[in-house]
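Chain by chain, the residues run as shown.
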Amino acid sequence: MFGQKRYADINRLLNQRFEDKKVLIAAHRGSWHGNVIQNTTLAYKAALQMGADFVETDTTITRDGVVYSLHDGVEPVLFGPPWNALHMTSRQLEKYDCLNALGVPCLQRVERLETVCAALNHDELINIDRSWRAGGKVLEILDRFPHMLHQALLKAPLRERWILDQLNAHPNKYMFMPICSTLKEVEEACAYPELNVVGVELIAKTPEDELFSDRAIAAIHDQGLFCWVNALVITDYDPMEALYGGLDDDRSIDQGAEYGWGRLMDKGIDVIQTDWPSLVRDYRAIRYQ
């Protein structure tokens, strides 16, 4: 069981998925190809049908205080011109057609976080990233949807300590996952007395980094926490942009799943975030058949 016993009821859906699947698959911003736009309910539906156990949503806020399921900074990809949602009103943001994978306008729009929360109401697990970009409003939105207490997993780096303070003081103990590069950071996150820490996102730029070691993974497991790794590739121009020592989607597809996703499973990684959930699902099925 991951997480503290006193929060077992809140964490029961998560732990049931681990019991059923062994290793969980998280879809980066959903599955967005063709006419399906990233960070939308359609992308999340596609990801779930492709075998994802988690869907990930980013959050950001407009100038007039509306929270969206959106990774700000990608607006040029979504719309064309170099706008940023942080400097736009919700009315401005919602009037624009999104561009599909061919760069052609389609009828989809970016979606408010409350729309996503309302749609994901059938025990889907959702990882909420970049809540610090939403001005502290994510929790008040989640509180409007009681099912989110068991489904939502928030994450943040320790530099955003105000997020940890907010969660620590909040009456609803949503699941939390710190983004850590060292075991010391893991300890710092676990020192919050009322924080429902269930896992750790591990950052290791190279195989020499601390959290790449099997010893570190075992130490995190000993604390009753799962280990989450990003296998997605942000860019292959700079090796220091690697999220986990090169055990990524590109290697898995090019050399074979056993050389990327398989090595992560060998190391004891519990959640693999990917842009290719169906491929990880198929490999997992063979490995654990």
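About the criteria used
Residues numbered from 1 in each chain as written. Predicted model: local features only at pLDDT ≥ 70, side-chain atom pairs only at ≥ 80, totals over all residues. Heavy atoms only, no water. 1 Å grid on protein atoms, 1.4 Å probe; cavity = no way out; pocket = protein on both sides within 12 Å on 5 of 7 lines; lining within 4 Å. Points joined across faces, edges and corners; volume = space filled by probe spheres on them. Nonpolar A, V, L, I, M, F, W, Y, C, P; charged D, E, K, R; others polar. Helix = DSSP H or I, 4+ residues; strand = E, 2+ residues; numbered from the N terminus. Polar contact = N/O pair within 3.5 Å; in protein donor to acceptor, adjacent residues only side chain to side chain. Contact = heavy atoms within 4.5 Å. Phe/Tyr/Trp six-rings, centres within 6.5 Å; stacked < 30°, edge-to-face > 60°. Buried < 20%, exposed > 50% of the residue type's maximum accessible area, 1.4 Å probe, protein only. Lys NZ or Arg CZ within 6 Å of the ring centre and 35° of its normal. Salt bridge = Lys/Arg side-chain N within 4 Å of Asp/Glu carboxyl O. Arc of directions from axis to C-beta.

Participant: For empty space enclosed by the protein, give the residues involved together with the corresponding values.
Facilitator: Applying the stated criterion across every chain yields a total of one cavity of 30 Å³ or more. Forming the walls of the largest cavity are S131, G136, K137, V138, L139, L154, I163 and Q166. Across the lining of the largest cavity, the residue classes break down as four nonpolar, three polar and one charged.

Participant: I'd love a proper account of the side chain of Q108, names of residues and values included.
Facilitator: For Q108, the position within the fold is in the loop between α4 (90-94) and β4 (111-112). Among the polar contacts made by the side chain of Q108, one reaches the main-chain carbonyl oxygen of N35 at a distance of 2.3 Å. Excluding residues within four positions of it along the chain, Q108 makes contact with N35, V36, I37, T40, L42, Y96, D97 and C98.

Participant: I'd like a description of the packing of aromatic side chains, backed by residues and values.
Facilitator: Enumeration according to the criterion identifies eight aromatic pairs in this entry. Taken together, a centroid distance of 5.2 Å and an interplanar angle of 65 degrees make the contact between F54 and W228 edge-to-face. Here F54 is found in strand β2 (residues 54-61), whereas its partner W228 is found in strand β9 (residues 226-230), with 174 residues between them in sequence. Note on accessibility: F54 and W228 belong to one class, buried. Through pairs of rings, three or more aromatic residues link up here, namely F2, F18 and F226. Against the face of F212 rests K267, its NZ or CZ located 4.2 Å from the ring centre.

Participant: Please set out the pattern of salt bridges residue by residue, giving values where relevant.
Facilitator: All chains considered together, the criterion is met by 19 salt bridges. Close ionic contact of R29 with D58 constitutes a salt bridge, the shortest N to O distance being 3.4 Å. Of this pair, R29 sits in the loop between β1 (24-27) and α2 (41-49) while D58 sits in strand β2, and the two are 29 residues apart along the sequence. Each member of the pair, R29 as well as D58, is classed as buried.

Participant: Which residues make up helix α10 (residues 214-222), and what values go with them?
Facilitator: For α10, the set of buried residues is A216, I217 and I220. Buried positions in α10, seen along its axis, are confined to an arc of 100 degrees and lie on one side of it. Opposite the buried face of α10, by more than 90 degrees, sit the exposed residues R215 and D222. The secondary structure elements touched by the buried residues of α10 are α9 (183-190), β8 (199-202) and β9. G224, located one to two residues past α10, shows a positive phi value of around 75 degrees.

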